Amino acid sequence: MADYKMDADHPGTAMARGVQGVLGKGLDRIEGALKVSGTATYGYEHQIDNVAYGFLITAPAAKGKVTGFDTEAARALPGVLDIIVDDPRIPRQAAAFGPAHAGNDEIDHYDQVMGVAIATSFEAARAAAKAVIVHIDAADGRFDTMADVAHASGPPKDSRLQDVAKGDIEQAMAEAAASIDQVYTTPNQVHAAMEPHASIAAWEDGTLTLWSSLQILKVARQVLAKAVGVESAQVRILSPYVGGGFGGKMLGPDAVLAAIAAQKLGRPVKIAMARQQLFHNVYRRTDTHQRLRLAADKDGRMTAIGHDSVVSQGPDGGFMEPVALGSISLYAAPVRHFTHKVVTLDMVMAGAVRAPGEAVGMLALESAIDELAEQCGRDPIDFRKLNEPEVDPMTGAPFSTRALVECLDWGAQQFGWARRASTPASVREGEWLIGMGVAAAVRINLMMDSEARVTLSPDGRARIETDMTDIGTGSYTILAQIAGEALGLPLDCVDVVLGDTDLPPAAGSGGSFGAASAGSSVALACEDIVATLAERMDATPEQMTLKDGHAIAGNRRVPLAELVGAAPLVGNGKIAQGSNAKTYSQAAHGAQFAEVAVNAITGEVRMRRMLGVFEAGRILNAKTARSQAIGGMIWGIGYALMEDAVLDQRTGQFVNHDLAEYHVPAHADVPHLDVHFIEHVDEHANPIGVKGLGELSISGAGAAVTNAIYNACGVRVRDFPMTLDKILAGLPPL
Amino acid sequence: MHFTINGQSHEVEPDIRTSLLDLLREHVGLTGSKKGCDHGQCGACTVLINGRRVNSCLTLAVMHQDDDITTIEGLGTPDNLSPMQAAFVKHDGYQCGYCTPGQICSAMGMLDEVKKGWGSHVSKDLTNPELTDEEISERMSGNICRCSAYPNIVDAIREVAGADA
């Protein structure tokens, strides 16, 4: 077992010694052929004999008491096997990182799961679920965050961000040569992964097997076991392919109810949540109300930064959107003020959606920085460079790596920033006003405990096994590249098996920690193997060169198959976070650039081009990394221009609870995008020197768009999304 | 009832409420066509019916007993990918892979529409459209990709269309 705690920099032997040349290359995904041929198997698609179909029964109101269920009509429908509404384990809220409350006697959010109808076909189960009558005493609910702000609470104890007040911000604002004091708001947002939450449950001899679509299996296993009332050891979860996660694929009601139903019926049951149900039963990203107070002296040096937010949460609470997470260490300023208030609403709980904190916090902060730079009469890039801190402005810790200025400079050159007219609404092409915008990107860097097993077989092939998931991020491929580099094997000699709790427990996918955590554990497992290979070569691991399936040391070149001999060589790797997380301030950085055209008559916004320049440590696969980056940048377009789960203040339901009305960017919304990586291997972060990327790329992306819109037409909208009706009101006269 | 799917005959007795998508996924075992919304809003279920792209969740199976249905599985296999499938791999025109079969089937149907001279909202010449990137993006906008691989999907389609021209 190669076990390493990140209390000091790891010598990084595996990656340093590697000469195979597969690491970092933009190689095709190793599971690609399965995905493009429709043969990769997702949560609902495993072929299980004798499976019954479940469809969730949901509540017709957002608040109230359940007085009874009328299931007679539903039970009488052809094909119906059972209606389950009387099990105390029926989950009230989607279980996220811990078991949420159970019981369907009370309703605390609209469309809350009440039970499940089970039938021999999907059509019959759906009809039965709709035929169940839920009798309720409806009550008035709380749906307006700002109306209830007087009853808000502070950050939960275990929240990533606690309130900070360093210096007197009121005084700093009063004494400032230039200042901004503005409120920015963002609406409720949803993950909208393409694959709905879906599960198949089967029991055999008291053991539950669940095929599902989940991001972090070791946590899901514990949560499911507790929810169903068995030990973790009695639960096996398989999630080999996950049709998008974005933070939302923690354990859902589909999994718990499939398990309950399969147990009761004594046969396998599968449940997929309907798209409409997902909007109200998967945790959302909270609406945010962000007050930005920024102050600067006459030279444009920031003297104060304040980012105070109000967010909402469902009745069961727990998570808080850490809105100021990006602001906290981004700019130097002696006076610093970061607070959060959490208002309880009768809504589905709020939880993690891609880049909790930065995704919405940086939208506001980087818009405000643009406003302050203009007030100071400075170019937005120069302004940011002027306020670049040398050490973490909160803790005084050195940055592990930080290349924000490098990203800004490279991007400015490449994007043609010098051509930007600093006066808004001064470039026009026909009826289109053209503008450019920039924003900084930052995302904290995380690593979680992760384990992997690598087996080198007598035939010279390597097999990686871990319960890590690939939610589209490229886990299969980058893990193969790490092992290929460490063991000197071409990629077609590496097999990767993921997404099964029978395998060593991994960090899973979330918080952009997947590659760092699972990747490090695989590198360590390979080191374990190399140590044995080195012994058999009468060499030290450092003296070993491994390439093309051969070990080279001294004057010998021996095929790996020969060194392995008759019994497979097994290496185990385990990584744990350590004191380096405190010794160094760890974050990934970037610079986002956007060019837009705003229609001078209608206010319609058209993206013209975008450039993202990112520093996220070592890049493991240039192709999949670029894909993650463009994905995040496009989410930024969505957050700036269209995404908005519209809450009906009378009923507490999202009016636009489907993919036709909740607008995410589509093909025609997306312009030509360029991505560039500035690669600094971050040896302080983890043994393989990578940093999180999937969330970095959304950070600041929307602000680059809104700043470009301001530059194009002189309209600054602080109530996101910037739909054309909001822009139209402020357009200059024709 | 009798259905012709990927050139093969299937005898199935679906519920009259069964969508073509659920026929494929739940009765025939062809799970390559995906259910993302079940309301024709996301495009993940796109298949080709007599060569034309259709959201298979929006049409009932019983309506297609005389049709020639092609799904992603009928375009190519992992060991023998079609040019469009191979181009999606090469250009990383996906991430999670869930919308991918629909994107690929939609791209095949779309290219045929352009070949037939069907105009679109962005066509300069409505009767003889040119396959620009803008035209590809416009015509593919019925297929949502939340991972947002859009630029890579356009790259893949452009390459295949160019090779075909």
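Residues numbered from 1 in each chain as written. Chains lettered and ligands numbered in written order. Predicted model: local features only at pLDDT ≥ 70, side-chain atom pairs only at ≥ 80, totals over all residues. Heavy atoms only, no water.

## Quick word on the overall build of chain A
As a reminder of what qualifies: Think of it this way: any DSSP run of H or I at least four residues long counts as a helix, any run of E at least two long counts as a strand, and we number them from the N terminus. Buried residues are those whose accessible area, probed at 1.4 Å on protein chains only, stays under 20% of the maximum for their type, while exposed residues exceed 50% and partly exposed ones sit between those limits. Whether two residues are in contact is decided by their heavy atoms, any of which lying within 4.5 Å being enough.
Along its length, chain A carries 18 helices and 28 strands. Taken over the C-alpha atoms alone, chain A extends approximately 80 × 75 × 50 Å along its principal axes. With 734 residues in all, chain A has 66% of them scored as buried. For chain A, restricting intrachain contacts to residue pairs at least 6 apart in sequence, the fraction spanning at least 24 positions comes to 81%.

## A few points about the overall build of chain B
Worth spelling out the cut-off: This radius of gyration counts C-alpha atoms alone. The globule rule is 2.2 Å times how many residues there are, raised to the power 0.38. None of His or the chain ends enter the tally, which takes Lys and Arg as positive and Asp and Glu as negative. The atoms used to mark charge sites are NZ of Lys, CZ of Arg, CG of Asp and CD of Glu.
Per the secondary structure count, chain B includes six helices and five strands. For chain B, the C-alpha radius of gyration of 16 Å lies close to 15 Å, the compact-globule estimate for 165 residues. Dimensions of chain B, computed from C-alpha atoms along their principal axes, come out at roughly 45 × 35 × 25 Å. Per-residue burial for chain B yields a buried fraction of 59% across its 165 residues. Considering only intrachain contacts with a sequence separation of at least 6, the fraction spanning at least 24 residues in chain B is 54%. In chain B, which carries 13 positive and 23 negative side-chain charges, the distance between the mean positions of the two groups comes to 4 Å.

## Re the packing of helix α9 (residues 358–375) of chain A against helix α17 (residues 701–713) of chain A
All names here are of chain A. Inclusion rule: Orientation is described by lines fitted to C-alpha atoms, with helices fitted over the stretch in contact, and by angles between N-to-C directions that extend from 0 to 180 degrees. Definitions for this section: a left-handed crossing has its near helix turned counterclockwise from the far helix by less than a right angle. A right-handed crossing has that turn clockwise. Here the nonpolar group is Ala, Val, Leu, Ile, Met, Phe, Trp, Tyr, Cys and Pro; Asp, Glu, Lys and Arg are the charged ones; every other residue, Gly included, is treated as polar.
Interhelical geometry of α9 versus α17 gives an angle of 35 degrees and a closest axis separation of 8 Å. Like other packed secondary-structure pairs, α9 and α17 cross with a definite hand, here right-handed. Residues Met-362, Leu-363, Glu-366, Ser-367, Asp-370 and Glu-374 of α9 form the contact with α17, whose own contacting residues are Gly-702, Ala-703, Thr-706, Asn-707 and Tyr-710. Its residues assigned to classes, the contact of α9 with α17 comprises four nonpolar, four polar and three charged.

## Description of the packing of helix α6 (residues 217–228) of chain A against helix α7 (residues 253–265) of chain A
All names here are of chain A. Our working definition: Should an angle fall under 35 degrees it is taken as roughly parallel, and over 145 as roughly antiparallel, whereas 65 to 115 is taken as roughly perpendicular and any remaining angle as oblique.
The N-to-C vectors of α6 and α7 enclose an angle of 45 degrees; their axes lie 10 Å apart at closest approach. Regarding the angle of α6 to α7, the classification is oblique. In this structure, α6 meets α7 at a crossing whose hand is right-handed. Between α6, through Leu-224, Ala-227 and Val-228, and α7, the contact on the second element is made entirely by Ala-255, Val-256, Ala-259 and Gln-263. Looking at the contact of α6 with α7, its residues break down into six nonpolar, one polar and no charged.

## Some remarks on the environment of Pro-240 of chain A
Residue and element names in this part refer to chain A. You can see Pro-240 is positioned in the loop between β12 (235–238) and α7. Looking at Pro-240, the relative accessible area reads 18%, which means it is buried. Between the C-alpha atoms of Pro-240 and Pro-505, which are 265 residues apart in sequence, the distance is 14 Å. Excluding residues that lie within four positions of it along the chain, Pro-240 makes contacts with Thr-41, His-46, Tyr-476, Leu-498 and Gly-499.

## Let's talk about the layout of surface pockets
Our working definition: Every definition here rests on a 1 Å grid over the protein atoms only: cavities are sets of points where a 1.4 Å probe fits but cannot get out, pockets are open sets enclosed by protein on both sides within 12 Å along at least five of seven lines, and lining residues have some atom within 4 Å of a point. Grid points are joined across faces, edges and corners, and a volume is the space filled by probe spheres set on the points.
Of the voids in this model, the second largest pocket is the one considered here, and its volume is about 1200 Å³. When residues of the lining of the second largest pocket are traced back to their parent elements, those giving at least two are β27 (605–615), α16 (622–641) and β28 (672–677) of chain A together with α5 (133–139) and α6 (150–164) of chain B. Considering each element in turn, the lining of the second largest pocket owes the most residues, five residues, to α6 of chain B. When grouped by side-chain class, the residues that make up the lining of the second largest pocket number 22 nonpolar, ten polar and ten charged.

## Comments concerning the pattern of salt bridges
Opposite charge on two side chains permits pairing when their charged atoms draw close. Residues and elements named next belong to chain A. Where we set the bar: Salt bridge, as used here: a side-chain nitrogen of Lys or Arg that lies within 4 Å of a carboxyl oxygen of Asp or Glu.
Evaluation of the coordinates by the stated rule reveals 55 salt bridges over all chains. Notably, a salt bridge pairs Arg-716 with Glu-371, separated by 3.9 Å at the nearest N-O pair. With Arg-716 in the loop between α17 and α18 (724–728) and Glu-371 in helix α9, this residue pair connects regions lying 345 residues apart in the sequence. For the pair formed by Arg-716 and Glu-371, the shared burial category is buried.

## Examining α9 of chain A
All names here are of chain A. Under the convention used in this document: In this analysis, the expected span of each helix is defined as 1.5 Å times one less than the number of residues it contains.
With 18 residues, α9 ought to run about 26 Å at 1.5 Å a step, and its terminal C-alpha atoms sit 24 Å apart, in line with that. In terms of residue burial, α9 counts as a mostly covered element, since 16 of its 18 residues are buried. In the stretch just after α9, Gly-377 is the one whose phi turns positive, near 70 degrees.

## Quick notes on the domain arrangement of chain B
Residue and element names in this part refer to chain B. Selection criterion: What fixes the domain bounds is an automatic or database domain assignment. Accessible area that two parts lose when put together, with a 1.4 Å probe and added across both, is what the buried area reports. Definition of a polar contact: a pair of N or O atoms within 3.5 Å, with one able to donate and the other able to accept a hydrogen when the atoms are protein atoms, and with sequence-neighbouring residues admitted only if both atoms are side-chain atoms.
Once the domains are mapped, chain B shows domain 1 (2–75) and domain 2 (83–164). Here domain 1 and domain 2 have C-alpha centroids that lie 21 Å from each other. The partner domain 2 presents 19 residues to the 18 residues of domain 1 that form the contact. Across the domain 1/domain 2 interface, buried area totals approximately 1400 Å², and carbon plus sulfur atoms make up 56% of it. Inspection of the region where domain 1 meets domain 2 yields one salt bridge. Residue Arg-53 is joined to Glu-113 by a salt bridge in which the shortest nitrogen-to-oxygen separation is 2.9 Å. Counting every contact that joins domain 1 to domain 2 gives eight residue pairs in polar contact (both at pLDDT 80 or more).

## Examining the sheet that holds strand β15 (residues 302–313) of chain A
Residues and elements named next belong to chain A. Here is the rule we go by: Should DSSP find at least two bridges between two strands, the strands are regarded as paired.
Taken together, five strands build an open sheet; the order of strands is β8-β16-β15-β14-β9 and the sheet is mixed. Lying at the two open borders of the sheet, with one neighbouring strand each, are β8 (164–166) and β9 (178–186). On average, each strand axis in the sheet is inclined to that of its neighbour by 15 degrees, with strand direction left out of account. By the bridge criterion, ten bridges tie β15 to strand β16 (residues 335–344) in an arrangement that is parallel. Within β16, the residue paired with Ser-309 across the bridge is His-340. With respect to the sheet, α9 is in contact with β9, β14 (288–296) and β15, its orientation differing from that of β9 by roughly 150 degrees.

## Regarding the environment of Gly-117 of chain B
Examined against the element boundaries, Gly-117 of chain B turns out to sit in the loop between α4 (100–115) and α5. Residues within four places of Gly-117 of chain B in sequence aside, it is in contact with Leu-126, Thr-127, Asn-128 and Pro-129 of chain B.

## Description of the interface of chain B and chain A
Facing the 54 residues of chain B at the interface are 60 residues of chain A. Our count for the chain B to chain A interface comes out at five salt bridges. Between Arg-146 of chain B and Glu-643 of chain A there is a salt bridge, with its nearest N and O atoms 2.7 Å apart. In this assembly, chain B and chain A are joined by 26 residue pairs in polar contact (both at pLDDT 80 or more). At the level of secondary structure, the elements contributing two or more residues to the side of chain B that touches chain A comprise α1 (20–27), α2 (72–75), α3 (83–90), α4, α5 and α6 of chain B. When residues of the side of chain B that touches chain A are assigned to their parent elements, the largest contribution, five residues, is made by α6 of chain B. In the side of chain B that touches chain A, the residues fall into 21 nonpolar, 20 polar and 13 charged.

## Observations regarding α16 of chain A
For α16 of chain A, which comprises 20 residues, the first-to-last C-alpha distance of 29 Å matches the rise-based estimate of 28 Å (1.5 Å per residue) to within 8%. Counting buried residues in α16 of chain A gives 18 out of 20 residues, a clear majority hidden from the surface.

## Focus on unusual backbone geometry
Residue and element names in this part refer to chain A. Of the consecutive residues Phe-720 and Pro-721, the connecting peptide bond is found in the cis state with omega at 0 degrees. In this structure, Ser-512 is a non-glycine residue whose phi angle is positive, near 55 degrees. Looking at where Ser-512 falls in the secondary structure, it is placed in the loop between β21 (494–497) and α13 (514–536).

## Let's talk about empty space enclosed by the protein
Overall, the coordinates contain three cavities of 30 Å³ or more when judged by the stated rule. As for the largest cavity, its lining consists of 14 residues, and the residues nearest its centre are His-191, Ala-192, Ala-193, Leu-278 and Val-282 of chain A.

## Describing the domain arrangement of chain A
Interfaces are often described in size by the accessible area the parts lose on coming together. What the domain assignment lists for chain A is domain 1 (2–41 + 447–579), domain 2 (52–140 + 197–272) and domain 3 (354–445 + 586–728). Taking the mean C-alpha position of each, domain 2 of chain A and domain 3 of chain A sit 38 Å from one another.

## Here's the deal with the packing of aromatic side chains
Residues and elements named next belong to chain A. Selection rule: Two aromatic rings from Phe, Tyr or Trp, using only the six-membered ring of Trp, form a pair when their centres are within 6.5 Å; if the ring planes differ by under 30 degrees the pair is stacked, by over 60 it is edge-to-face, and anything between is tilted.
In this structure the tally under the stated criterion is ten aromatic pairs over all chains. Consider the rings of Phe-279 and Tyr-662, whose centres lie 5.7 Å apart with planes at 70 degrees: the pair is edge-to-face. Of this pair, Phe-279 sits in helix α8 (residues 275–281) while Tyr-662 sits in the loop between α16 and β28; the two residues are 383 residues apart in sequence, bridging distant segments of the chain. Here the two residues Phe-279 and Tyr-662 agree in accessibility, since each one is buried. Relative to Phe-593, the ring of Phe-415 has its centre 5.5 Å away and its plane inclined at 40 degrees; by these criteria the two rings are tilted.

## Here we look at the pairing of strand β25 (residues 569–577) of chain A
Two elements, strand β1 (residues 2–6) of chain A and β25 of chain A, share five bridges in a ladder whose sense is parallel. Bridging across to β25 of chain A, Ala-2 of chain A finds its partner in Gly-573 of chain A.

## Structural notes on the sheet that holds β28 of chain A
Residue and element names in this part refer to chain A. Strand order across the open sheet formed by five strands is β17-β18-β26-β27-β28, with mixed pairing between neighbours. Two strands close off the open sheet at either side, each with one partner strand: β17 (428–429) and β28. Alignment of strand β26 (residues 587–599) against β27, held across ten bridges, turns out to be antiparallel. When the sheet's bridge partners are listed, Glu-595 is paired in β27 with Arg-609.

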